[in-house]
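What follows is each chain in one-letter form.
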Amino acid sequence: MTTRNRFYIETFGCQMNVNDSEKVAGLLEAEGYVATTSRDAADVVFINTCAVREKAADKLYHALGRLKKAKRERPGLVVGVGGCVAQLEGTAVLDRAPQVDVLVGTHNLSSVPELVRRARAGHGRGVDLDRKADSFDVPDDAIAHSSRVRAYVTAIEGCNHVCSFCVVPRTRGAEVCRDPDAIAEEVRSLVGRGYPEVMLLGQTVNAYRYHGLDFADLLARVDAIEGLQRLRFTTSHPEHVDERMARALRDLPRVCPYLHLPVQSGADRILSAMRRGYTRAQYLETVALLRAHVPALALTTDVIVGYPGETPDDLEQTLLLMKEVSFDGLFAFKFSPRPGTVAATQVDDVPADSKEERLQQVLTLNKQIQRTRIHDRLPA
Ligand code: SAM
């Protein structure tokens, strides 16, 4: 009896990374591999990395540390690294971690099978970090979706924003919008395979533009696909929310009344330093526009505390904004300087204990807001 080769994928980071891992899994399955839930039982271990915060990037080296011993014990084990840290640090990953055999950037997932094949055949380490490669080249039917309910579908890759804190434009490149025909075809195929829900993905998904079509047009196009039950999308940037998008949220029957709309800060001084492209008042106007169209809209956000120069008054502005909007959910992060970003050239002057304290203030207020919201919904 022949045993099939097994792969194990470890994923850090956002939904785009999860979707990338689903692509790698599908490509390896097409090569005859089967997934295993045990790192120790795998012939190939692939780590899909996130570089958004230093803590996230550190996870790669912790994972590689564990694999060093495994590799000594099982010399045939192939270790692959992909995603944002691979793209950002490039071959420095190989210098730092001799146990890595395969290194691919964010646009090069389709090279994984070939590079793994070569490494297993003893042809040495393989690298593909070509940023100009087509990142939409993994066939739809090769994607091994990890959920049977919600399928991720890439709508737009990269980001054209210049947020001072964010490494994403460096790791994923400039925006490239996918052909709406290809998106619709993928969604149709997913619906045919029984998926009730699709989530369109992009770092700034609502920046979608394709030969005169905008994001509202794309939503309408996908919403019209027969058999689809729920349509979601993430992440939206406040600057690209307009009346047409608000109407699409209101009028399209399959679009879920949910929006993740990162605000990052409630203080104009900090928003301007972050280069977010909107003021506190503009963000609130955007929320008002959305709620005027969809009163029951569920709204979640991201907040960064301890950005360089952030004062207690600035934080107070963020807390006030949280109360004013009354978000349905919130993710809060301590500012982390990232290589090559504008913010990394500024003095990271908010001490670590103040960052922690501010994070706790934001999280505590968020908890209170959630409790009140739940209480308000309970029958009297
Ligand atoms: N593209 C989205 C946007 O522009 O709002 C989100 C990108 S990022 C993957 C997710 C979240 O990580 C951001 O919204 C931000 O709150 C947080 N983040 C990004 N860079 C950070 C940094 N240098 N330090 C701390 N948090 C950061």
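Residues numbered from 1 in each chain as written. Predicted model: local features only at pLDDT ≥ 70, side-chain atom pairs only at ≥ 80, totals over all residues. Heavy atoms only, no water.

A. Highlighting the overall build of the protein chain. Secondary structure assignment for the protein chain yields 13 helices and 16 strands. For the protein chain, whose C-alpha radius of gyration is 22 Å, the value lies close to the compact-globule estimate of 21 Å for 380 residues. Along the first, second and third principal axes, the C-alpha atoms of the protein chain reach 65 × 55 × 45 Å. Counting the 380 residues in the protein chain, one finds 54% classified as buried. Accessible surface computed for the protein chain: about 16,900 Å², of which carbon and sulfur atoms make up 51%. (Helix = DSSP H or I, 4+ residues; strand = E, 2+ residues; numbered from the N terminus. Rg over C-alpha atoms; globule rule 2.2 N^0.38 Å. Buried < 20%, exposed > 50% of the residue type's maximum accessible area, 1.4 Å probe, protein only. Areas by Shrake-Rupley, 256 points an atom, 1.4 Å probe, with all protein chains shown as cover.)

B. Region of the structure containing the sheet that holds strand β16 (residues 329–334). The 3 strands lie next to each other as β14-β15-β16, forming an open sheet whose pairing is parallel. Of all strands in the sheet, those bounded by a partner on one side alone are β14 (258–260) and β16. Each strand of the sheet is rotated relative to its neighbour by a mean of 10°, with strand direction disregarded. Pairing analysis gives 6 bridges linking strand β15 (residues 298–305) to β16, with the strands arranged parallel. (Pairing = 2+ DSSP bridges. Axes fitted to C-alpha atoms, helices over the stretch in contact; angles between N-to-C directions.)

C. Local environment of the packing of aromatic side chains. Under the definition given, this model contains 4 aromatic pairs. Judged by centre distance (5.0 Å) and plane angle (80°), the ring pair of Phe215 and Phe233 falls under edge-to-face. Taken as a pair, Phe215 in helix α8 (residues 215–223) and Phe233 in strand β13 (residues 230–234) lie far apart in primary sequence, 18 residues in all. Phe233 shares its class with Phe215; the two are buried. Seen from their ring centres, Tyr278 and Tyr283 are 5.8 Å apart, and the 40° between their planes marks the pair as tilted. Residue Tyr283 is classed as buried on the basis of its relative accessible area of 0%. An aromatic cluster is built from Tyr278, Tyr283 and Phe327, whose rings are joined through pairwise contacts. Directly above the ring of Tyr61 sits Arg96, whose terminal nitrogen or CZ lies 3.5 Å from the centroid. (Phe/Tyr/Trp six-rings, centres within 6.5 Å; stacked < 30°, edge-to-face > 60°. Lys NZ or Arg CZ within 6 Å of the ring centre and 35° of its normal.)

D. Examining the site of the ligand more closely. The full set close to the ligand counts 15 residues, and Arg53, Gln203, Gln264, Asp302 and Ser336 are the nearest of them. Relative to its unbound accessible area of 570 Å², the ligand is 94% covered by the protein chains. Broken down by secondary-structure element, the contributors of at least two residues to the shell around the ligand are β15 and β16. Looking at the shell around the ligand residue by residue, the class counts come to 6 nonpolar, 4 polar and 5 charged. (Near = heavy atom within 4 Å. Nonpolar A, V, L, I, M, F, W, Y, C, P; charged D, E, K, R; others polar.)

E. Region of the structure containing the packing of helix α7 (residues 180–192) against α8. Following both chains from N to C, one finds α7 and α8 inclined at 30°, their axes separated by 10 Å at the closest point. In this view, α7 runs roughly parallel relative to α8, as classed from their interaxial angle. As α7 runs across α8, the sense of the crossing is right-handed. Residues Pro180, Asp181, Ile183, Ala184 and Val187 of α7 lie in contact with α8, whose contacting residues are Leu218, Arg221 and Val222. Residues of the contact of α7 with α8, tallied by class, amount to 6 nonpolar, no polar and 2 charged. (Parallel < 35°, antiparallel > 145°, perpendicular 65-115°, else oblique. Left-handed = near helix turned anticlockwise from the far one by under 90°. Contact = heavy atoms within 4.5 Å.)

F. The arrangement of unusual backbone geometry in detail. Thr234 connects to Thr235 through a cis peptide bond whose omega is 0°. A positive phi is found at His211, a non-glycine position, where the angle reads about 40°. Structurally, the position occupied by His211 is in the loop between β11 (209–210) and β12 (213–214). Not every positive phi belongs to a glycine, and Arg275 is a case in point at roughly 60°.

Without other data, these values stay purely geometric and don't point to any function.
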